[in-house]
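# Residue-level structural notes
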Amino acid sequence: MATEAPAHGGYLDILRAPHAARLLAGTLVGRLPNGTGPIAMTLFVRDQGGSYTLAGGLIAAYGVANAVGQPLLGRAVDLKGQPRVQLPAAVLSALGMALFALTGIGHLALAYAAVVVAGLFTPPLEGGLRALWPSVLGREDRVHRAYALDAVAQEVMFTVGPLLVTLLVALRSPAAALLVINVLGVLGALAVVLSEPSRAWRSAAREAHWLGALRSPGLLALLGSFFFVGLALGSITVAAVAYADDRGTPSVYGWLMAALGLGALAGGVLYGARQWSGAPERRLRVLVGLLAVCYLPLMLTPGPVAMTGLSVLSGVFLAPALACAFIVVDRHAPSGTVTEAFSWLVTTFGVGAALGSAVAGPAIELAGTVAGFAVAGAGGLVAFLVLLATGRVLTVPQVAEGAVRHAVAETVPSAVHTEKNTH
């Protein structure tokens, strides 16, 4: 059930809260290197005379290292605090990419080592921001709306980021683009960790366990579902290229991706503008089910205008599903593992997207463009089925004893201690 959010409870209310705008902006800027890494690396490798195969290999190495590093750094944040992990990681990641930009592809071992360092030490700013929202915003409804705003802001970043890289390449060079983007990333991380909420934030007490956040059955169910959501999204990006090639109009690809982002942006704005009642786990099943249904019409592959409309439709439930997933992660993450848990969601989604891209290519070569979009439809349906099959473990959050999470230390005057919703 949903009701219209009151005027004072909208996005402006979130951004007017002390520190909120700074934290959101700093996190988005800090994530630019990761969000624009594949396109910037591809342009740089091609400018150096390297092949697309080499670019793909370097991007894959960067992605795998990132997938390994995110949950490990997230766990370190939960144990050591944000400033002691986020800023050093951002600097090391930037230095790795700077080494790659300055030495090029002449020595492949060095190039691969550099991008692995850059990926491995990418700071978990995304998970860190979501861990900070309760202490900054206090009320549960405001935190939930902030998750929706976060999902919307991601769509803006993934639209503006590539444009910024393209502009820097046009003004200077791909190497300069890599350097500037990573300097901006460090500055974004710096803006976050110097803020009062980040400096004062402490994770709740955690039970020593080698599995960390992954000991929660509910979290594992969610990660399993969103692996396939990522797979669907990754396959769409490849299938859209094939569709554009079939039509003989490369620019169509850009329109399809922009339409997908526009749909997600609109869906996220509308989702966050309403107050939702009922268990978020049940709502998530509905949202992922609708997301899967909206992927299926892409297999019709109509003309470019209609296909652009279908792309908008396919994106509408993406941001709402992500925003709702953030709530579910927070409810199911064991005490003291919230940053790690959010980082696992980022990692799982990214690995799924990479696999989707890898699977869609052969599918298109064997059976045509429709098969590429069929991979997306299948991924969406499996994501929905995973949530249905694991409904029992998702019904009641598996939380640690006490079920209380203090989002920030009492030394912060403006912080509000929040109790985790366990119903």
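Residues numbered from 1 in each chain as written. Predicted model: local features only at pLDDT ≥ 70, side-chain atom pairs only at ≥ 80, totals over all residues. Heavy atoms only, no water.

### A word on helix H16 (residues 338–367)
- The end-to-end C-alpha distance of H16, which contains 30 residues, comes to 43 Å, matching closely the 44 Å that a straight helix rising 1.5 Å per residue would cover.
- Once H16 ends, the next one or two residues include Gly-368, with phi positive near 95°. (Helix = DSSP H or I, 4+ residues; strand = E, 2+ residues; numbered from the N terminus. Expected span 1.5 Å × (residues − 1).)

### A word on the packing of helix H12 (residues 251–272) against helix H15 (residues 318–332)
- Between H12 and H15, the shortest axis-to-axis distance is 6 Å and the interhelical angle comes to 50°. Classified by the angle their axes make, H12 and H15 are oblique. Within the contact between the two elements, H12 uses Ala-264, Gly-267, Gly-268 and Tyr-271 and H15 uses Leu-318, Ala-319, Pro-320, Ala-323, Cys-324 and Ile-327.
- Tallied by class, residues from the contact of H12 with H15 come to eight nonpolar, two polar and no charged. (Axes fitted to C-alpha atoms, helices over the stretch in contact; angles between N-to-C directions. Parallel < 35°, antiparallel > 145°, perpendicular 65-115°, else oblique. Contact = heavy atoms within 4.5 Å. Nonpolar A, V, L, I, M, F, W, Y, C, P; charged D, E, K, R; others polar.)

### Observations concerning helix H2 (residues 20–30)
- Looking at H2, one finds that the buried residues are Ala-20, Leu-23, Leu-24, Gly-26, Thr-27, Leu-28 and Gly-30.
- In this fold, the buried residues of H2 make contact with helix H1 (11–16), helix H3 (32–47), helix H7 (125–137), helix H8 (140–171), helix H9 (174–193) and helix H10 (196–200). (Buried < 20%, exposed > 50% of the residue type's maximum accessible area, 1.4 Å probe, protein only.)

### Thoughts on the packing of aromatic side chains
- In the structure shown here, the tally under the stated rule is three aromatic pairs.
- Ring geometry for Phe-227 versus Phe-228: centroids 5.1 Å apart, planes at 90°, classification edge-to-face.
- Each ring, one from Phe-326 and one from Phe-342, has its centre 6.5 Å from the other, and the planes form 80°; the classification is edge-to-face. Of this pair, Phe-326 sits in helix H15 while Phe-342 is found in helix H16, placing the two residues 16 residues apart along the sequence. The exposure classification of Phe-326 matches that of Phe-342, with both residues buried. (Phe/Tyr/Trp six-rings, centres within 6.5 Å; stacked < 30°, edge-to-face > 60°.)

### Description of the pattern of salt bridges
- Throughout the structure, instances matching the rule amount to three salt bridges.
- Of the charged contacts, one joins Glu-340 and Arg-75 as a salt bridge, the two residues approaching to 3.1 Å between their closest N and O atoms. One end of the pair, Glu-340, is in helix H16; the other, Arg-75, is in helix H4 (residues 52–80), and 265 residues separate them in sequence.
- Linking Arg-331 and Glu-281 is a salt bridge whose minimum nitrogen-to-oxygen distance equals 2.9 Å. Remark: Glu-281 occurs in helix H13 (residues 280–295) and Arg-331 occurs in helix H15; sequence separation between them is 50 residues.
- When its relative accessible area of 4% is taken as the criterion, Arg-331 is described as buried. (Salt bridge = Lys/Arg side-chain N within 4 Å of Asp/Glu carboxyl O.)

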